[in-house]
Every structure is written in structure tokens, then in C-alpha cells.
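# Residue-level structure breakdown
One-letter residues, chain by chain:
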Amino acid sequence: ETGVTQTPRHLVMGMTNKKSLKCEQHLGHNAMYWYKQSAKKPLELMFVYNFKEQTENNSVPSRFSPECPNSSHLFLHLHTLQPEDSALYLCASSQGFSNAYEQYFGPGTRLTVT
Amino acid sequence: TQLLEQSPQFLSIQEGENLTVYCNSSSVFSSLQWYRQEPGEGPVLLVTVVTGGEVKKLKRLTFQFGDARKDSSLHITAAQPGDTGLYLCAGSYGGSQGNLIFGKGTKLSVKP
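Values in this document were obtained by computation on a predicted structure and should not be read as measured data.

## Description of the overall build of chain A
- A count of helices and strands for chain A gives zero helices and eleven strands.
- Starting at the N terminus, the α and β elements of chain A follow one another as β-β-β-β-β-β-β-β-β-β-β.
- Radius of gyration (C-alpha) of chain A: 13 Å, near the 13 Å computed for a compact globule of 114 residues.
- Dimensions along the principal axes, computed over C-alpha positions, put chain A at roughly 40 × 30 × 30 Å.
- Relative to its full complement of 114 residues, chain A shows a buried share of 50%.
- Considering only contacts within chain A whose residues lie at least 6 apart along the sequence, 55% involve residues at least 24 apart.
- Accessible area for chain A stands at about 5300 Å²; split by element, carbon and sulfur atoms hold 48% of it.

The following block contains the structure:
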């Protein structure tokens, strides 16, 4: 049990659908992250929130829209995705946003875009 | 350009064997973390190394950070099937940057 939960665990959606991924951390952390993990590629950082404020957006297409209503919850809203967006989407949290703090990951949402 | 190279990419061994996996970069990192990821799960943090030359042990796992803080190794003694998984290294440049740079990982399979 890592203290970071993600729902749903699996999601299949068409290219015209709109869906949301949810992440919740029970560790009292202040920073939360979205990563994309594709086959044969390193983990790619997508977004970072520190104290609910977005601090990083690594050139992610606008069809991915993050939301962080409080430091415990993080959402990733999806719309008009492409098949190449199929991947494992991982959420992580850390006590703060600096190299001194270790990141703890959730189990991920396996997304398939058809 | 991949900033963190992990080798080997795949490794299949028998239970009881020893193994070493490597994480190399041309960049200097402030700290480096090792994770293990099992199928269908997120990465789980194993260790963080901070000081050049540092060696940390976690039961049968020995982690070393290179003197120049550009590389790291993970050695497993007497591997067990439960060690099977994807081993990821991730480096941090430090300061106010919390971003981690991940390698592609080494996929380890330990057969009984």
C-alpha cells in the first residue's frame, strides 16, 4: 500500500469520448505529478502541482487537462484522444517539490484509446 | 537523446544467481533513486542515493552511486523469483527542481 490511489485502473475510450482519471494521496504530501508510461520509452513527466499550483507543463497537448482542487486530489481530464495516447498513466506525490523529497507512485490507470 | 541509459535492457536468470544492472549518464545528478515496478502496478521506491561513492544495502540488494554522481549500479545477491520486475533509475538535478529524469528500465526475470 503506497498511500496513493488511482481510479479507474483500466479505461477504454473512443477518440470522441471525454473521461477523467482520478488520483488521491493519503500521505499528507504537498506536490502531485502526472506521468505517462509507454512501451519502450522512459517515464514522461506531464504535469506537476505544488500546493495546488501548476508548476510544470511539459509541452503536453491540450487534449490532456489537469485539475488539482486541493493537495490531496489530482485529476486528468481527457478529450478527443488519439490511439498513440494509449499508455499507463501514473500519479505520484511527494512531501514537497524539490530533489530532497521522494516520490510515491500510485498503481496507474491503463488507458486504451480505440 | 536519452539522459539516463540503463543496461541491460532485459535480463533472465535462474534463482540463486547474482546480477548487476547499471544506470549511466553524462550528466551529474544531485541524487538518484531506484524503483521496482511489477506488472500492472506503479513504481515502488527502493532507495535514494545522494553522496558520490555512497553504498546502500537493502537485504540482498546493494546500491552504489558513482564517485562523480553520474552513474549507479544495483547488485542483487542470490536472486529470487520475487525480485522479478522492471528496475528503474531516476536522477534529480537538485535545487528547487523536483523533476526526476527516468531511464527506460531493466526488465528482470528470475526463474525458479
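## A look at unusual backbone geometry
- Each neighbour pair has its own omega, and for Thr7 of chain A with Pro8 of chain A the value is -10°, a cis peptide bond.
- With respect to the helices and strands, the residue Pro8 of chain A is situated in the loop between strand S1 (4–7) and strand S2 (10–13).
- Looking along the chain, the bond that leaves Ser7 of chain B and enters Pro8 of chain B is cis, with omega of -10°.
- Mapped onto the secondary structure, Pro8 of chain B falls in the loop between strand S1 (5–7) and strand S2 (10–14).
- One non-glycine residue, Lys59 of chain B, lies in the positive phi region at around 55°.
- Relative to the elements of secondary structure, Lys59 of chain B occurs in the loop between strand S6 (55–58) and strand S7 (61–65).
- At Arg69 of chain B, a position not held by glycine, the phi torsion is positive, near 60°.

## Re the layout of surface pockets
- Taken as a whole, the largest pocket holds about 600 Å³ of empty space.
- Along its surface, the largest pocket is lined by 25 residues, and Gln37 and Ala39 of chain A together with Gln37, Leu86 and Lys107 of chain B are the ones closest to its centre.
- Those elements that place two or more of their residues in the lining of the largest pocket are strand S9 (85–94) and strand S11 (106–111) of chain B.
- For the lining of the largest pocket, the per-class residue count stands at eight nonpolar, ten polar and seven charged.

## Quick look at the interface of chain A and chain B
- With 22 residues of chain A in contact, the opposing surface of chain B contributes 24 residues.
- Summing both sides of the interface, chain A and chain B together bury roughly 1700 Å²; the carbon and sulfur share of this comes to 51%.
- Connecting chain A to chain B are one salt bridge.
- Note that Arg9 of chain A is salt-bridged to Glu41 of chain B, the shortest N-O span being 3.7 Å.
- Put simply, chain A and chain B have five residue pairs in polar contact (both at pLDDT 80 or more) between them.

Quick notes on the rules
Residues numbered from 1 in each chain as written. Chains lettered and ligands numbered in written order. Predicted model: local features only at pLDDT ≥ 70, side-chain atom pairs only at ≥ 80, totals over all residues. Heavy atoms only, no water. Helix = DSSP H or I, 4+ residues; strand = E, 2+ residues; numbered from the N terminus. Rg over C-alpha atoms; globule rule 2.2 N^0.38 Å. Buried < 20%, exposed > 50% of the residue type's maximum accessible area, 1.4 Å probe, protein only. Contact = heavy atoms within 4.5 Å. Areas by Shrake-Rupley, 256 points an atom, 1.4 Å probe, with all protein chains shown as cover. 1 Å grid on protein atoms, 1.4 Å probe; cavity = no way out; pocket = protein on both sides within 12 Å on 5 of 7 lines; lining within 4 Å. Points joined across faces, edges and corners; volume = space filled by probe spheres on them. Nonpolar A, V, L, I, M, F, W, Y, C, P; charged D, E, K, R; others polar. Buried area = accessible area lost by both parts, 1.4 Å probe. Salt bridge = Lys/Arg side-chain N within 4 Å of Asp/Glu carboxyl O. Polar contact = N/O pair within 3.5 Å; in protein donor to acceptor, adjacent residues only side chain to side chain.

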